[in-house]
Amino acid sequence: MPRFLRRTPPVAPDPGALVAEHLEAGRPTGWFEPLYAGADRDPDAVPWAQQTPHPYVVDWLDDPVVTPPGRRAVVVGCGLGDDAAELARRDFDVVAFDVAPSAVAWAQRRFRRSPVDWRVVDLLELPDELVGAFGLVVEVRTVQSLPGVVRDAAMHAVGRLAAPGGVVLAVSLVASSNEVSRTWQGPPWAQAPSELAAYRAAGLERLALEHPDPDEHGAMEVRLTLQRPAGSVPPGAGLPIVPTPG
Ligand SMILES: C[S@@+](CC[C@H](N)C(=O)[O-])C[C@H]1O[C@@H](n2cnc3c(N)ncnc32)[C@H](O)[C@@H]1O
């Protein structure tokens, strides 16, 4: 075959270099799209792609800490889509979103037959229609992939997705102490235990926090179950319009 007709194999971008470039430029989420696009459909070039639903999510769905009200679910930072497809397989009515268009297109291709509603959405700029709209909110390893400057805002936004009575299932790397998290080099960033209070600021109550012992680096993958009390409205959600008499 003539040389010019041979396809040059794409070179997957170095994640470390991408992260450094975008963080330095003040774009904490800017590195995800070039990483997915540069992976050129090779999941091995996406460091977190397991191509299977997270076992914490599967276990939770088999034996939920609390039953979510209704079947509307949202998956935040859905990546290649495995958790979203698993929820849809279990008859949830699923919206799954990611800030990276290439991830969303890839997930859609992988789960062509799944009824998931795939969307390109930035968690940090939530459209009003998603606020308070879900009985179950699933966040797996997205918050931990964001630097400290935006993590509180990200957790707050995750909380805003939950309807009154809605349940949030979050899976995140958490340090064994605030001290350990202070010197942590990410991504992923091991969250400080004190940071998790940001979910409370979004009006959520903690129902369970489950994890194994910390690893040799002093961090552990945590499964958090939170709930918005019934009757509580998410911050920034539109209030019901009550007609004024006369
Ligand atoms: C570490 S990956 C985890 C992906 C997937 N949840 C998983 O467990 O395989 C983090 C994901 O969050 C997405 N993400 C990061 N910031 C986001 C934001 N502000 N809004 C929506 N998605 C975001 C990234 O594009 C990426 O797909």
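Conventions used here
Residues numbered from 1 in each chain as written. Predicted model: local features only at pLDDT ≥ 70, side-chain atom pairs only at ≥ 80, totals over all residues. Heavy atoms only, no water. Helix = DSSP H or I, 4+ residues; strand = E, 2+ residues; numbered from the N terminus. Rg over C-alpha atoms; globule rule 2.2 N^0.38 Å. Buried < 20%, exposed > 50% of the residue type's maximum accessible area, 1.4 Å probe, protein only. Areas by Shrake-Rupley, 256 points an atom, 1.4 Å probe, with all protein chains shown as cover. Domains from an automatic or database assignment. Contact = heavy atoms within 4.5 Å. Buried area = accessible area lost by both parts, 1.4 Å probe. Salt bridge = Lys/Arg side-chain N within 4 Å of Asp/Glu carboxyl O. Polar contact = N/O pair within 3.5 Å; in protein donor to acceptor, adjacent residues only side chain to side chain. Arc of directions from axis to C-beta. Pairing = 2+ DSSP bridges. Axes fitted to C-alpha atoms, helices over the stretch in contact; angles between N-to-C directions.

J.: Looking at this structure, I do not really get the overall build of the chain. What am I missing?
T.: Looking only at helices and strands, the chain has eight helices and seven strands in total. Since a compact globule built from 246 residues should have a radius of gyration of about 18 Å, the 19 Å found for the chain is in line with a globular shape. Across its three principal directions, the C-alpha atoms of the chain cover 80 × 45 × 40 Å. The buried share of the chain, reckoned over its 246 residues, is 47%. Of the roughly 12500 Å² of accessible surface on the chain, a fraction of 52% belongs to carbon and sulfur atoms.

J.: Help me understand the domain arrangement of the chain, please; the structure alone is not making it clear to me.
T.: Think of interface size as the accessible area that goes away when the parts come together; that is how it is often given. Splitting the chain by domain gives domain 1 (13-45) and domain 2 (55-227). On a C-alpha basis, the centroid separation for the pair domain 1 and domain 2 is 20 Å. The interface of domain 1 with domain 2 comprises 13 residues on the first partner and 17 residues on the second. Note on domain 1 versus domain 2: buried area summed over both sides is about 1200 Å², and carbon and sulfur give 76% of it. Applying the counting rule to domain 1 against domain 2 returns zero salt bridges. Across the domain 1-domain 2 interface, the total number found is one residue pair in polar contact (both at pLDDT 80 or more). Listed by contribution, the elements that provide at least two residues to the side of domain 1 that touches domain 2 are α1 (15-24) and α2 (32-39).

J.: How do you make sense of helix α4 (residues 82-89) when you look at a structure like this?
T.: Residues separated by three or four positions in an α-helix point in the same direction, a consequence of the helix having 3.6 residues per turn. With seven of its eight residues buried, α4 lies for the most part within the structure. Every buried residue of α4 is listed here: Asp 82, Asp 83, Ala 84, Ala 85, Glu 86, Leu 87 and Ala 88. Along its buried surface, α4 packs onto α3 (55-62), β1 (72-76), β2 (93-98), α5 (101-110), β3 (117-120) and β4 (134-140). Backbone geometry just downstream of α4 places Asp 91 in the positive-phi region, at approximately 70°.

J.: What is the right way to read α3 from this model?
T.: Those residues of α3 that fall on the buried side of the exposure criterion are Tyr 56, Val 57, Trp 60 and Leu 61. Viewed along the axis of α3, the buried residues span an arc of 130°, placing them on a single side of the element. Along its buried surface, α3 packs onto α4, β4, β5 (162-175) and β7 (219-227).

J.: I keep staring at the pattern of salt bridges and nothing clicks. Help me out?
T.: Should the charged atoms of two oppositely charged side chains come close, the side chains can pair. For the structure shown, the criterion picks out nine salt bridges. Notably, a salt bridge pairs Arg 90 with Glu 86, separated by 2.8 Å at the nearest N-O pair. Owing to a relative accessible area of 9%, Glu 86 belongs among the buried residues under this scheme. We note a salt bridge from Glu 179 to Arg 182, for which the minimum N-O separation is 2.6 Å. Note that Glu 179 and Arg 182 are positioned in helix α7 (residues 178-182) at a spacing of three residues, about one turn of the helix. Across this residue pair, the class does not change: Glu 179 and Arg 182 are exposed. Residues participating in the shared-partner salt-bridge network are Asp 62, Glu 86, Arg 89 and Arg 90.

J.: Hey, could you run me through the sheet that holds β7 in this one?
T.: Spatially, β3-β2-β1-β4-β5-β7-β6 is the arrangement adopted by the seven strands of the open sheet, whose pairing is mixed. Bordering the open sheet on either side are β3 and β6 (205-210), each of which pairs with just one other strand. Within the sheet, the average angular offset between the axes of one strand and its neighbour, ignoring direction, is 20°. As paired strands, β1 and β4 are joined by four bridges and run parallel to one another. Bridging from a neighbouring strand, Val 75 pairs with Val 138 of β4. Sheet contacts for α3: β4, β5 and β7; angle to β7, the most-contacted strand, approximately 35°.

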